[in-house]
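# Reading the structure
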Amino acid sequence: MQTQDKVTDRQLSDEQSREIAETIREELARRRISRQALAEQAKLSLSTLEKVLGGRRPFTLATTVRLEQALGVSLRKSAALVTPPAANDVAPDSLGSYAHRAVTWLEDVYITLRPSFGAKDAIFAYRTEIVWEPKVSSLVFREGERTDAAYEHTGEVAVPHQSGFIYLVIIKHGQHRVITVSRPTVAGEMYGIISTLRAGPGSQLTPIAAPIAYVPLRNVAKPSLGRVGPDDANHALYGKHLRRTVEESFALFLSV
């Protein structure tokens, strides 16, 4: 037990501490969460978090692990701390060259929410699962329980380090459908924009963009799926998530 305590209390180098502090500050800004909220989630005192982020105290391995679990990201990027993953455990360059263990925090079952394209004031809700697919060596997403089952999609997930956003992409017979969302909040939700085609009468298709939200299934006690109208018990909650996409500037919609 004493040996284990010595390992987890080991202080990281100044360079490693600076890298971790910078990454945490970026995540706080992207997710719009406070240091207090992160400290509570990681079960740390706010004073400890302030000191390590301000460079007044080096990170320990134990503190770093707690923060990684709270944020759902890998903070230890230095070669001295991270063992290179196997080649078949890394996504292709086109998807961001991410390792499986670096994105396990994205693997979950979500309720996907977007405005209904056909009914005013209604919200379209369905199930999306994000999982690692060894056959293609990347995360994939699979939609299900849609009332329009013919339009259920399966696609690839890109997680580039540069932009800090996540892309759910479908390319089928030359047609593209792209969903761009933020990295998850502390509660695991992702917010952004869907860009796709709206099916109209006959063979009519119209390009359309709309806010979209991915809410972990566990966050909704009794989820409603399909076309959710104002009389549904979950309509207010779902609407709050979609409004958050715009009100908190996770995505912008410009008028002409």
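An account of the accompanying structure is given in this report. (Residues numbered from 1 in each chain as written. Predicted model: local features only at pLDDT ≥ 70, side-chain atom pairs only at ≥ 80, totals over all residues. Heavy atoms only, no water.)

## With respect to the pairing of strand 7 (residues 190–199)
Within a regular beta strand, the side chains point alternately toward one face of the sheet and then the other, so they alternate between its two faces. Bridge analysis of strand 6 (residues 175–182) against strand 7 gives four bridges, and the strand direction is antiparallel. What sits directly across from T180, in strand 7, is I193. Both strand 7 and strand 8 (residues 205–216) contribute to a ladder of ten bridges, which runs antiparallel. Counterpart to I194 in the pairing with strand 8 is A210. (Pairing = 2+ DSSP bridges. Helix = DSSP H or I, 4+ residues; strand = E, 2+ residues; numbered from the N terminus.)

## Describing the environment of A209
Inspection of the secondary structure assignment puts A209 in strand 8. Judged by its relative accessible area of 45%, A209 falls in the partly exposed class. Remark: the alpha-carbon pair of A209 and I179, spanning 30 residues in sequence, is separated by 9.5 Å. With residues up to four places along the chain from it excluded, the contact list for A209 reads I193, I194, S195 and F253. (Buried < 20%, exposed > 50% of the residue type's maximum accessible area, 1.4 Å probe, protein only. Contact = heavy atoms within 4.5 Å.)

## Quick notes on the packing of helix 3 (residues 35–42) against helix 4 (residues 46–53)
Relative to each other, helix 3 and helix 4 sit at 115 degrees, their axes nearing to 9 Å. Here helix 4 runs roughly perpendicular to helix 3, going by the angle between their axes. For the pair helix 3 and helix 4, the sense of crossing is right-handed. Where helix 3 abuts helix 4, its residues R35, Q36, L38 and A39 lie against L46, L49, E50 and L53. When its residues are assigned to classes, the contact of helix 3 with helix 4 shows five nonpolar, one polar and two charged. (Axes fitted to C-alpha atoms, helices over the stretch in contact; angles between N-to-C directions. Parallel < 35°, antiparallel > 145°, perpendicular 65-115°, else oblique. Left-handed = near helix turned anticlockwise from the far one by under 90°. Nonpolar A, V, L, I, M, F, W, Y, C, P; charged D, E, K, R; others polar.)

## Focus on the packing of helix 2 (residues 14–31) against helix 5 (residues 61–71)
The N-to-C vectors of helix 2 and helix 5 enclose an angle of 25 degrees; their axes lie 12 Å apart at closest approach. When the interaxial angle is binned, helix 2 and helix 5 end up roughly parallel. Crossing angle aside, the handedness with which helix 2 passes helix 5 is left-handed. Along the contact surface, helix 2 presents I20, I24, E27 and R31, while helix 5 presents T64, L67 and L71.

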